[in-house]
Amino acid sequence: MTGSNFLIESDKGKLLVDCGIEQGVDFAAAEVYGPFPYEAEDIDALVVTHAHLDHVGRIPKLVKDGFRGKIYMTPPTKDLAGLILRDSAGILGEEASRLGRMPLYEEQDVDTAFTLTETLDYHIEKEIAPGLSVYLRNTGHILGSASVRITDEEGTAVALTGDIGNSPSPLLPDWEPVPDANALVMESVYGDRLHDDKKTRVERLRDILSKAIAKNSTILIPAFSLERTQLMLYELSNFFSAGELPKIPVFLDSPLAIHVTEIYEKWGQTYFKPETEDEMKREGSIFEFPFLKKTLSRQQSAEIEKTPSPKIIIAGAGMSHGGRIGRWEARYLPDPTTTLFVVGYQAPGTPGRRIAEGASSVRIAGSEVRIRATIEKLEGWSAHADRAGLLRFAEASLAGSRTTTIFTAIGEPSAERFLAQRIHDYLGARAVVPDLGQTWEITKDSVSRAR
Ligand SMILES: [Zn+2]
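So, how was this worked out
- Residues numbered from 1 in each chain as written.
- Predicted model: local features only at pLDDT ≥ 70, side-chain atom pairs only at ≥ 80, totals over all residues.
- Heavy atoms only, no water.
- Helix = DSSP H or I, 4+ residues; strand = E, 2+ residues; numbered from the N terminus.
- Axes fitted to C-alpha atoms, helices over the stretch in contact; angles between N-to-C directions.
- Parallel < 35°, antiparallel > 145°, perpendicular 65-115°, else oblique.
- Left-handed = near helix turned anticlockwise from the far one by under 90°.
- Contact = heavy atoms within 4.5 Å.
- Nonpolar A, V, L, I, M, F, W, Y, C, P; charged D, E, K, R; others polar.
- Phe/Tyr/Trp six-rings, centres within 6.5 Å; stacked < 30°, edge-to-face > 60°.
- Lys NZ or Arg CZ within 6 Å of the ring centre and 35° of its normal.
- Donors = N, O, S within 2.8 Å, 3.2 Å for Na, K, Ca; no water.
- Tetrahedral: all angles 85-135°; square planar, octahedral: opposite > 155°, others 65-115°.
- Buried < 20%, exposed > 50% of the residue type's maximum accessible area, 1.4 Å probe, protein only.
- Pairing = 2+ DSSP bridges.
- Polar contact = N/O pair within 3.5 Å; in protein donor to acceptor, adjacent residues only side chain to side chain.
- Salt bridge = Lys/Arg side-chain N within 4 Å of Asp/Glu carboxyl O.

S.K.: So what's going on with unusual backbone geometry? Residues and values would help.
M.R.: Each neighbour pair has its own omega, and for serine 167 with proline 168 the value is -5°, a cis peptide bond. With respect to the helices and strands, proline 168 occurs in the loop between strand S9 (157-160) and strand S10 (183-187). A cis amide bond links serine 309 with the next residue in sequence, proline 310, at an omega value of 5°. Along the chain, proline 310 turns up in the loop between helix H10 (298-303) and strand S14 (311-315). Backbone geometry at histidine 123 places phi at a positive 65°, although glycine is not the residue there. Here histidine 123 is to be found in the loop between strand S5 (117-119) and strand S6 (126-129).

S.K.: I'd love a proper account of the packing of helix H6 (residues 198-214) against helix H7 (residues 228-241), names of residues and values included.
M.R.: At a closest axis distance of 11 Å, the pairing of H6 and H7 adopts a crossing angle of 65°. By the angle between their axes, H6 is roughly perpendicular relative to H7. Here H6 runs over H7; the crossing is right-handed. In this structure, H6 uses Arg201, Val202, Leu205, Arg206 and Leu209 to contact H7, whose residues at the interface are Leu231, Met232, Glu235, Leu236 and Phe239. Its residues assigned to classes, the contact of H6 with H7 comprises seven nonpolar, no polar and three charged.

S.K.: An account of the packing of aromatic side chains is requested, with residue identities and associated values reported.
M.R.: Inspection of the entire model under this criterion finds twelve aromatic pairs. Through a chain of ring-to-ring contacts, three or more aromatic side chains come together here, namely Tyr122, Trp267 and Tyr271. When the ring centre of phenylalanine 36 is taken as origin, the NZ or CZ atom of arginine 58, which lies over that ring, is 4.3 Å away. Taking NZ or CZ as reference, arginine 201 lies 4.3 Å from the ring centre of tryptophan 381, over its face.

S.K.: Got a sec to walk through the coordination of the zinc ion? Specific residues and values, please.
M.R.: Only His50 (NE2), His52 (ND1), His141 (NE2) and Asp163 (OD) from the protein coordinate the zinc ion, and they sit 2.1 to 2.3 Å from it. In this structure, the zinc ion is surrounded by four donor atoms whose angles at the metal cover 92 to 163°, and the resulting shape is irregular. Here the donor residues for the zinc ion map to a single chain with the spacing H-x1-H-x88-H-x21-D. With histidine 50 in the loop between strand S3 (45-47) and helix H2 (53-56) and aspartate 163 in the loop between S9 and S10, this residue pair connects regions lying 113 residues apart in the sequence. An identical accessibility class is assigned to histidine 50 and aspartate 163; each is buried.

S.K.: Give a description of the sheet that holds strand S12 (residues 250-252) that names residues and reports values.
M.R.: The six strands are arranged S13-S12-S14-S11-S15-S18 in an open sheet whose pairing can be described as parallel. The open sheet has two edge strands with one neighbour each: strand S13 (292-294) and strand S18 (374-378). Direction aside, the axes of adjacent strands within the sheet are offset by 20° on average.

S.K.: Give me the lowdown on the side chain of threonine 77, citing residues and values where you can.
M.R.: Among the structural elements, threonine 77 can be located in helix H4 (residues 75-99). Within the structure, threonine 77 has its side chain in polar contact with the side chain of threonine 74 (distance 2.8 Å). When near neighbours in sequence (up to four residues on either side) are disregarded, threonine 77 contacts Val48, Thr49, His50, Ala51, Leu143, Gly144 and Ser145.

S.K.: Give a detailed account of the pattern of salt bridges, specifying residues and quantitative values.
M.R.: Inspection of the entire model under this criterion finds 22 salt bridges. The partner of arginine 193 in a salt bridge is aspartate 192, with the nearest N and O atoms 3.6 Å apart. Given the relative accessible area of 35%, arginine 193 is considered partly exposed. When its relative accessible area of 25% is taken as the criterion, aspartate 192 is described as partly exposed. Between lysine 306 and glutamate 303 there is a salt bridge whose closest N-O contact spans 3.3 Å. Here the salt bridges share partners, and the residues they tie into one network are Glu125, Arg137, Arg149 and Asp180.

S.K.: Lay out the pairing of strand S1 (residues 6-9) in plain terms, naming residues and giving numbers.
M.R.: As judged from the four bridges shared by S1 and strand S2 (residues 14-17), these two strands associate in the antiparallel manner. Looking at S2, one finds that phenylalanine 6 is bridged to valine 17. Linking S1 to S2, which pair antiparallel, is a turn of four residues.

S.K.: For the pairing of strand S7 (residues 132-138), give the residues involved together with the corresponding values.
M.R.: The element S7 is largely enclosed, with a buried count of seven among its seven residues. Of the two faces of S7, the one holding Leu132, Val134, Leu136 and Asn138 and the one holding Ser133, Tyr135 and Arg137 are both buried throughout. Relative to S7, S6 runs antiparallel, the two sharing three bridges. Following the sheet pairing, alanine 129 is matched in S7 by leucine 132. Between S6 and S7, which pair antiparallel in sequence order, lie two residues; one of them, glycine 131, sits at a positive phi of approximately 75°. Taken together, the six bridges between S7 and strand S8 (residues 146-151) define a ladder with antiparallel strand orientation. Paired with asparagine 138 across the strands is alanine 146, a residue of S8.

Below, the structure is given as structure tokens:
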């Protein structure tokens, strides 16, 4: 899957929406290191939908290549993107020295990019390029995530959804539809799949935790640092305070996840859904509990081993493809009393995928590790709307009677086609699966292929 990157042009101005990096593949891929299909210095402005790497990962390269416009994003996205891009610069640096090549960018390039960044909140119309104004709405995907509507001087509007959330979320407000664009570009990552029910997912988490605690397990949770870790902490905190689980030590063993959680604490009081904001005001933190230990330094992390089980260790990376979880997998997977949770999608080729598929051993940091632990799969924790949610989003947006065409994008081709077909069949709307590199002309009266 390629990173999200869209160019919107009017007679006078040019702006980009997102500038992401391809994920789940070797960083050396041409899509990552190769040139942009436009001149970076010709772009007037960049709008960022949210802080995931596949939406922000190539911003420092864009700046290195000569982009000097302003970069707009919501205040939480600005904080989160700073963390994510600095983390990415570190990973790209290690990757580059292993491959003996120049890194795509370094931390100082991230700093330069942030000198160009301005925050733009939801629901404010702002002209950011000659003749082009933008308007952001919440998409309920991760903290700060936004859709972007772009309007020209004649009032013709095109909107891009960025990623659409798996609403309702316990933390974020539900996504807002986009009822006022002539053409709408929709994400379709889960365009052909359904998620498990959310009530089921919380009950299942509690049940397998309770089982694992009863057998004195060390419980390993490889988790994505952004949103999923905070959702897990929130549910754990609820279980413990409701007395639904015995109180056992929980280690958050990921510097990135610790810092992301601080940003969730900082902005949660104004960007979460109203009932969760109230909860924060009442209880202080909704992610903290007394026996949660955040192990920032390597020294603190190493000490986790001294704590007897049962205990829970949450660490990145989410598909066991790096980060600190590898150390704990090497230490605890050969132990039959261990329980490891596989949370959500595991890409082919990752250690997480092998573990999820029931392999008897897995290669971690160059050594083969025997798996005698119990492996429990958890479904339904995705931050993306499933095919039913995406269709509801399309329906709610089409209710504005202004959208003539919906493009399905940022998914696997089969998911994009499936969603487009359903939008056509169930909602009677024109739905198009665009190809990478295609140009479309959008006017008040028509949406058509250019050239
Ligand atoms: Zn995303």
